[in-house]
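# Structural overview for review
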Amino acid sequence: MGEKGVEPGKGANSKKMLVSGIVLLVLLVAAFSFLNRDKEGLKEGTVAIKAGDTKLGSLTISDLQKLPAVKKKMVIHSSQGNTNNDFTCTPMLAVLNSIDPSLTQQYKKIIARGIDNYTSGLDISEVLHPDNVYIAYADYGKPLKTKKGEDGSMLIIICNDEYGQRSTKWLVSLELQ
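Residues numbered from 1 in each chain as written. Predicted model: local features only at pLDDT ≥ 70, side-chain atom pairs only at ≥ 80, totals over all residues. Heavy atoms only, no water.

## Examining the overall build of the chain
What counts, and what does not: Comment: elements are numbered from the N terminus, with helices defined as DSSP H or I runs of at least four residues and strands as E runs of at least two. Think of it in three bands: with a 1.4 Å probe and only protein chains considered, a residue is buried below 20% of the maximum accessible area for its type, exposed above 50%, and partly exposed in between. The contact definition used throughout considers only heavy atoms, calling two residues in contact when any of these lie within 4.5 Å. Here the Shrake-Rupley method, with its probe set to 1.4 Å, supplies the accessible areas, and only the displayed protein chains count as covering residues.
Along the backbone of the chain there are five helices and 10 strands. Split into buried and exposed, the 177 residues of the chain put 37% on the buried side. Contacts in the chain between residues far apart in sequence, at least 24 positions, make up 59% of those at least 6 positions apart. On the chain, roughly 10900 Å² of surface is accessible, and the fraction owed to carbon and sulfur atoms is 56%.

## What to know about the nonpolar core
Stated precisely, the cut-off is as follows: The nonpolar core is taken to be a set of buried Ala, Val, Leu, Ile, Met, Phe, Trp, Tyr and Cys residues, with the residues joined through side-chain atoms within 4.5 Å.
Counting residues in each nonpolar core, the largest one holds 27 residues, and the members touching the most others are Met-92, Ile-135, Ile-156 and Leu-174. Only strand E1 (46–51), helix H2 (61–66), helix H3 (92–99), strand E5 (109–114), helix H5 (124–128), strand E7 (133–139), strand E9 (155–158) and strand E10 (171–176) provide two or more residues apiece to this core. Looking at this core, the element that brings in the most residues is E7, giving four residues. Apart from residues lying up to four places away in sequence, Ile-156 is in contact with Met-92, Ala-112, Leu-122, Val-133, Tyr-134, Ile-135, Arg-166, Ser-167, Thr-168, Leu-171 and Leu-174.

## Considering the pairing of E5
Heads up, the condition is: Note on pairing: two strands pair once DSSP finds at least 2 bridges between them.
Taken together, the five bridges between E5 and strand E6 (residues 119–123) define a ladder with antiparallel strand orientation. Bridge assignment links Ala-112 to a residue of E6, and that residue is Ser-120. Relative to E10, E5 is paired through five bridges, and the arrangement is antiparallel. Directly across from Gly-114, in E10, lies its bridge partner Leu-171.

## Regarding the sheet that holds E10
The condition is simple: Axis definition: a line fit to C-alpha positions, over the contact stretch in the case of helices; interaxial angles, taken between N-to-C directions, run 0 to 180 degrees.
Strand order in the open sheet formed by five strands is E2-E1-E10-E5-E6, and the pairing between neighbours is mixed. The sheet is open, and its two edges are formed by strand E2 (54–60) and E6, each paired on a single side. Direction aside, the axes of adjacent strands within the sheet are offset by 20° on average. Taken strand by strand, H3 contacts E1, E2, E5, E6 and E10, and its axis lies near 120° from that of E2.

## Let's talk about the side chain of Thr-88
Stated precisely, the cut-off is as follows: The definition of a polar contact used here is a pair of N or O atoms within 3.5 Å, where within protein one atom must be able to donate a hydrogen and the other to accept one, and adjacent residues in sequence count solely through side-chain atom pairs.
Structurally, the position occupied by Thr-88 is in strand E4 (residues 81–91). A relative accessible area of 13% places Thr-88 in the buried class. Within the structure, Thr-88 has its side chain in polar contact with the side chain of Lys-71 (distance 3.3 Å). Ignoring sequence-local partners within four residues, the contact set of Thr-88 consists of Ala-69, Val-70, Lys-71, Ile-135, Ala-136, Tyr-137 and Ala-138.

Given below as structure tokens:
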């Protein structure tokens, strides 16, 4: 036995295993970061509308502000509590019609995705239901905050949802299916 009751070479093996473990963790984090990267160049403040790999169009907040605006006072219930809101928003139907008025006849579902890759699904019938699905861009007259805390984000709100789990924050894309 070596010094202080440690067999010779055991301490070196432990260090090698520790270093190997750290290297493996770094490689795993790098691999997952690579796989989850934004391959489409999506950014907050613009919502891309696509069907499969085909980009049908995109709208900025400025484009949304040119469409009919609606004020929606509502409470969003979430696991973090209730929030009172006074949104300025545009009906989802007006957004889709600004790209192509036939989209609601061609597709049955919409997958909304945020910059954080959070996704939620909507049926086209929900979009066609009056006073139900909106894209909000302001709350109490102030721009919605991006994930980084800057002005200029969008949010899907669904009025007929009791809870806010499908309220996609930091909206960047709508995929029609």
